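# Overview (structure and organization)
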Amino acid sequence: MIDHLRRSLGTSVRAVVGLLLGIVTAVTGVAASARRTTDGPGRAAERDRIRLVRWFDAEAVRDLPDREPTGYFLVRLAYGPLVGLVVLLVLISATGYGGWAFVLLAGGRISVADGLVSLLVAAVMIYLSVRMAMIVGQWDVRTALRLLGDDATQHRLRDLQRTRADVVTAIDDERRRIERALHDDVQQRAVALALDVGRARRTAERGGRNLVADLDNAVAQAQALLTELRDVAWRIYPAALDEHGLAAALEGLSAHTFLPVDLDLSIDPEPPHDVAAAAYYVAAEGVTNSTKHSGADNVSVTVAADGHVVTVTVVDDGCGGAEMTGSGLTGLARRVAALDGQFSVHSPRGGPTVVEARIPCAS
């Protein structure tokens, strides 16, 4: 309760301060535009964006492009200073009125009822002033997005730049995962196989009786090595996806986990290759996470494709608490975003965990 009151008070103070600073930025912005200097209006617009981010948590305006801001400042000048001064005067009046009423009430110069009514009126005046400050702050944010923001093409271009960087990061993360798998699993198996073969060779040279047992150990290590190599290859890319399509690749998930995997597939028609690959990796990573981390007894994978969008949903009955902080889920989110898709993870403590991706089949 105390934390909530503290946050509410902090938000109120920030809104009022942000509104009053807006009076200054509106006036100085118009003045900078009137002087027709090269970079003056741009710096003024940048300062105003910083104001909106700092005092109104408007992260959406932080990276707006450097468009000519004169129109934005003229619009803000039409309402910002006037509303700001009104809010300031009302706050001063309410504070003085409420303080005076409290002094009279404490001194016994007015009745308790009259004192409480006066304090209530002052509180209402303060509340309305704060609400007006918040509303005007949101007006400023919307005005900045409309007049300082870019058109749809530029917005799309910036999204593509962001997702391209995310894809590069995801590829690097995947390479590191492959390297770890080769180093920790395959390499150890290969070393064990080499030791067993060397032991068998030495046994044969001595004419020992344990040659068959040593060769059996070597054969077992070779088989384990082949299994590890198949698993690594499967994690890198499933051959069935190219040869038989998304449904066949998904049906092979159960071969790589000890958990029962319930599949519900409705794939008609087959999605484009890049979409099918992303959908497969969402399902595979979801099953892998359920196996390794959730303590689940069962996991279900539902994939529906209708030619327009592919929806992948992975649900397990484990302990929950999954977060998009590791490389696995973060990499999936980047891969899906690169295809203009949406990715979400809902995993409350106690479960269930729901991983969902919606990937459009065409841009």
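Residues numbered from 1 in each chain as written. Predicted model: local features only at pLDDT ≥ 70, side-chain atom pairs only at ≥ 80, totals over all residues. Heavy atoms only, no water.

## A look at the UniProt feature "transmembrane region" (unreviewed entry) in the protein
- When the UniProt feature table is mapped onto this chain, "transmembrane region" (unreviewed entry) is found at residues 12–34, 82–105 and 117–139.
- Counting secondary structure, residues 12–34 comes out at 100% helix and 0% strand; the distance between its end C-alpha atoms is 33 Å. (UniProt positions renumbered as here; feature names shortened; annotations may be inferred. Helix = DSSP H or I, 4+ residues; strand = E, 2+ residues; numbered from the N terminus.)

## What about the packing of aromatic side chains?
- Taken as a whole, this structure holds three aromatic pairs when the rule is applied.
- Geometrically, the ring pair formed by Tyr79 and Trp139 is edge-to-face, given 5.8 Å between the ring centres and 85° between the ring planes. Taken together, the positions of Tyr79 in helix α3 (residues 70–106) and Trp139 in helix α4 (residues 112–147) put the pair 60 residues apart, joining distant regions of the chain.
- We classify Tyr79 as buried; its relative accessible area is 15%. (Phe/Tyr/Trp six-rings, centres within 6.5 Å; stacked < 30°, edge-to-face > 60°. Buried < 20%, exposed > 50% of the residue type's maximum accessible area, 1.4 Å probe, protein only.)

## A closer look at the sheet that holds strand β3 (residues 309–316)
- Taken in spatial order, the five strands make up an open sheet running β1-β2-β3-β5-β4, and their pairing is mixed. At either margin of the open sheet sits one strand with a lone partner, and together these are β1 (261–267) and β4 (342–346). This sheet shows a mean twist of 5° between the axes of neighbouring strands, independent of strand direction.
- The pairing of strand β2 (residues 299–305) with β3 spans seven bridges and is classified as antiparallel. Across the sheet, the residue bridging to Thr302 is Thr313, located in β3.
- Packed onto the sheet, helix α9 (residues 273–294) meets β1, β2, β3, β4 and β5 (353–360) and runs at close to 5° relative to β3. (Pairing = 2+ DSSP bridges. Axes fitted to C-alpha atoms, helices over the stretch in contact; angles between N-to-C directions. Contact = heavy atoms within 4.5 Å.)

## Examining the pairing of β2
- Only one face of β2 is covered, namely the one carrying Val299, Val301, Val303 and Ala305; the face carrying Ser300, Thr302 and Ala304 has none of its residues buried.
- Summarising the sheet, β1 and β2 pair through seven bridges and their orientation is parallel. Note on β2: the bridge partner recorded for Ile267 is Ala305.
- Of the crossover connections in this fold, the one passing from β1 over α9 to the parallel β2 is left-handed.
- Between β2 and the antiparallel strand that follows it, β3, lie three residues; Gly307 among them carries a positive phi value of about 95°. (Right-handed = clockwise from strand over helix to strand, strands pointing away.)

## Thoughts on a nonpolar patch on the surface
- On the surface, Leu120, Val124, Tyr127 and Leu128 cluster together into a nonpolar patch covering about 420 Å² of accessible area.
- By secondary structure assignment, the location of Leu120 is in helix α4. (Patch = residues over 30% accessible without salt bridge, like charges linked within 9 Å, V, L, I, M, F, W, Y side chains within 5 Å. Areas by Shrake-Rupley, 256 points an atom, 1.4 Å probe, with all protein chains shown as cover. Salt bridge = Lys/Arg side-chain N within 4 Å of Asp/Glu carboxyl O.)

## Some words on the side chain of Thr353
- Residue placement: Thr353 occurs in strand β5.
- Looking at Thr353, the relative accessible area reads 6%, which means it is buried.
- Of note is the side chain of Thr353, whose polar atom sits 2.7 Å from the side chain of Ser347.
- What Thr353 contacts, discounting residues up to four positions off in sequence, is Val314, Val315, Asp316, Gly320, Ala322, His346 and Ser347. (Polar contact = N/O pair within 3.5 Å; in protein donor to acceptor, adjacent residues only side chain to side chain.)

## Structural notes on the pattern of salt bridges
- Evaluated as defined, the whole model comprises six salt bridges.
- Residue Arg51 is joined to Asp140 by a salt bridge in which the shortest nitrogen-to-oxygen separation is 3.1 Å. One end of the pair, Arg51, is in helix α2 (residues 40–56); the other, Asp140, is in helix α4, and 89 residues separate them in sequence. Taken individually, Arg51 and Asp140 each receive the classification buried, so the pair is uniform in this respect.
- The partner of Arg62 in a salt bridge is Glu59, with the nearest N and O atoms 2.9 Å apart.
- Judged by relative accessible area, which is 47%, Glu59 ranks as partly exposed.

## Quick look at unusual backbone geometry
- In this chain, Asp268 is followed by Pro269 through a cis amide linkage whose omega measures 5°.
- Inspection of the secondary structure puts Pro269 in the loop between β1 and α9.
- The backbone of Asp57 shows a phi angle near 55°, a positive value even though the residue is not glycine.
- Note on Asp57: relative accessible area 54%, which makes it exposed.
- With phi around 65°, Asp340 is a residue other than glycine that occupies positive phi space.

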